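Residues per chain are reported as follows:
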Amino acid sequence: MKLKVDKLGFSYEKTPILKDISFETNSGEITCLLGPNGTGKTTLLKCISRIIPPSSGNVLVDGTLINKMNTKELAKLFSYVPQSTHTAFPISVIDTVLMGRVQNINFKVKEEDKEIVFNILEEMNLNNIAFKNINNLSGGERQRVFIAKAIAQQSPIILLDEPTSSLDMKNQLETLEIISSLVKEKNIMAIMSIHDLNIASMYGDKIIMLKNSGVYSYGNTKEVINEENIKQVYGVNTIVKNMDETTYTFLCKQ
Ligand SMILES: Nc1ncnc2c1ncn2[C@@H]1O[C@H](COP(=O)(O)OP(=O)(O)OP(=O)(O)O)[C@@H](O)[C@H]1O
Ligand SMILES: [Mg+2]
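Residues numbered from 1 in each chain as written. Chains lettered and ligands numbered in written order. Predicted model: local features only at pLDDT ≥ 70, side-chain atom pairs only at ≥ 80, totals over all residues. Heavy atoms only, no water.

As named in an unreviewed UniProt entry, the protein is ABC transporter ATP-binding protein, taken from Clostridium malenominatum.

So this is what it looks like as C-alpha cells:
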C-alpha cells in the first residue's frame, strides 16, 4: 500500500498552519514527523486521516482519493493514537482496547475479537490492569492502553501522535519495538510524530522535519538529523554522532 500526501494545506480560520506538504510512504515503513511545538504535526496527522479535512491538496491511498471514502472505509483504513488521551468515560482498560475492534464487529463481540484483545494486553504488559478504570491510570499506562486500542484495530495505516511522550525509557523502547515489529511483520505503515530525535532515528525509516508550516527536510535519518538542520528548525545547538546505524543527538547547554 502507498500513501501519498500531495500539496496538502490547512488553515484555522485565516491562519495557515500547513502549506504545500508533500511526501509518500509505503507499507512496512515508519515515518517520523519532527518539528517544534505548534508547527502542525498533530494537525497534519488529523488531516491525513480526515479527522479534519485539509483546506487544499490531496491524500491518496494506492491512487484513490480518501475524500471519496465514507466514514466506515476511513475507520478501517486508519487507526489513530491521539496526543491527549483524557477521557470522561469511566471505562475499563479491556473495554477501551476492545473498542478498537468496533468497526469490524458491528458492536457484537466475537471470540476472535476477544483473542486479539487478550493477546495485545499480554504483549503490552497491560494484563495486570485490564479491569481498572482508565481514569485511574498513570499517564504512561493510559498512553499504552490507547496504543493497544489502535493496534487492536488492525488497520493498514497507524497514525501515532507523540506515542511515547509519557513513557519511561524502558517502556519507550518496548512500545516502539512492538510498533516496529507490527509494521515489519504485518506490513502495515506508521506515521508518528515525536520529539525524541534518538527514538526517531532508531525506529524511523523516513524522517520529515517541519518548519514554518512546511516540510523543511525529508529523507532518511542521516540526511535529515544533523546539527545544521536541528539548529535551523529548533534553534538549539547539538552534537550529532552516528554510531551503529543510529544517529544520536546530544543537546548542548545553550
Ligand atoms: N482548534 C484550533 N483552533 C485554532 N488554532 C489551533 C487549533 N488547534 C491547533 N491550533 C494551532 O495550530 C498550530 C499547530 O498546532 P498543532 O497541534 O498541530 O502543533 P504540533 O506540532 O502538534 O505541536 P506540539 O508539538 O505542541 O504537539 C498551533 O499554532 C496551534 O495553536
Ligand atoms: Mg501535537
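### What about a nonpolar patch on the surface?
A cluster of nonpolar residues, Ile239, Met243 and Phe250, forms a patch on the protein surface that exposes about 260 Å² of accessible area. Along the chain, Ile239 turns up in strand 11 (residues 238-243). Taking relative accessible area as the criterion, Ile239 reaches 39% and is therefore assigned partly exposed. (Patch = residues over 30% accessible without salt bridge, like charges linked within 9 Å, V, L, I, M, F, W, Y side chains within 5 Å. Areas by Shrake-Rupley, 256 points an atom, 1.4 Å probe, with all protein chains shown as cover. Salt bridge = Lys/Arg side-chain N within 4 Å of Asp/Glu carboxyl O. Helix = DSSP H or I, 4+ residues; strand = E, 2+ residues; numbered from the N terminus. Buried < 20%, exposed > 50% of the residue type's maximum accessible area, 1.4 Å probe, protein only.)

### Some thoughts on the sheet that holds strand 10 (residues 214-219)
The strand order across the open sheet formed by six strands is 6-7-8-3-9-10, and the pairing between neighbours is mixed. In this open sheet, the two edge strands, each paired with only one partner strand, are strand 6 (78-81) and strand 10. The sheet shows a mean angle of 15° between the axes of neighbouring strands, taken without regard to direction. In the sheet, strand 3 (residues 30-34) pairs with strand 8 (residues 189-193) via four bridges, with the strands oriented parallel. Across the sheet, residue Cys32 finds its bridge partner in strand 8, namely Met192. Packed onto the sheet, helix 6 (residues 139-152) meets strand 6 and strand 7 (157-161) and runs at close to 180° relative to strand 6. (Pairing = 2+ DSSP bridges. Axes fitted to C-alpha atoms, helices over the stretch in contact; angles between N-to-C directions. Contact = heavy atoms within 4.5 Å.)

### Remarks on the coordination of the magnesium ion (ligand 2)
Note on the magnesium ion (ligand 2): its protein donors are Thr42 (OG1) and Gln83 (OE1). The metal-donor distances range over 2.0 to 2.2 Å. Of the two residues, Thr42 is situated in helix 1 (residues 41-48) and Gln83 in the loop between strand 6 and helix 3 (93-99); the sequence distance between them amounts to 41 residues. Residue Thr42 is classed as partly exposed on the basis of its relative accessible area, which comes to 21%. (Donors = N, O, S within 2.8 Å, 3.2 Å for Na, K, Ca; no water.)

### Some thoughts on the nonpolar core
With 47 residues, the main nonpolar core has Leu34, Leu121, Met124 and Ile151 as its most contacted residues. For Ile151, the contacting residues outside a window of four places in its chain are Ile120, Met124, Ile158, Ile178 and Leu182. Core analysis: the next-biggest nonpolar cluster, separate from the first, contains 27 residues, Val5, Ile52, Leu159 and Met189 among them. (Core = buried A, V, L, I, M, F, W, Y, C linked by side-chain atoms within 4.5 Å.)

### Quick word on helix 5 (residues 111-123)
Here helix 5 spans 18 Å end to end across 13 residues, near enough to the 18 Å set by a 1.5 Å rise per residue. A positive phi of about 60° marks Asn125, the residue just after helix 5. (Expected span 1.5 Å × (residues − 1).)

### A short note on the sheet that holds strand 2 (residues 15-26)
Ordered in space as 2-1-4-5, the four strands form an open sheet in which the pairing is antiparallel. In this open sheet, the two strands that pair with only one neighbour each are strand 2 and strand 5 (64-65). Here strand 1 (residues 2-12) runs beside strand 4 (residues 56-61); their pairing, made up of five bridges, is antiparallel. Bridged to Asp6 within strand 4 is Asn58.

### Focus: the site of ligand 1
Lining the immediate surroundings of ligand 1 are 13 residues, of which Gly38, Lys41, Thr42, Thr43 and Gln83 lie closest. Between ligand 1 and the protein, one listed contact pairs a nitrogen atom with a side-chain N or O atom of Tyr12 at 3.4 Å. The separation between an oxygen atom of ligand 1 and a polar main-chain atom of Thr39 is 3.2 Å. Considered on its own, ligand 1 offers 640 Å² of accessible surface; in the complex 58% of this is hidden by protein. When residues in the shell around ligand 1 are grouped by element, the largest group, three residues, is from helix 1. A breakdown of the residues in the shell around ligand 1 according to their chemical character gives three nonpolar, eight polar and two charged. (Near = heavy atom within 4 Å. Polar contact = N/O pair within 3.5 Å; in protein donor to acceptor, adjacent residues only side chain to side chain. Nonpolar A, V, L, I, M, F, W, Y, C, P; charged D, E, K, R; others polar.)

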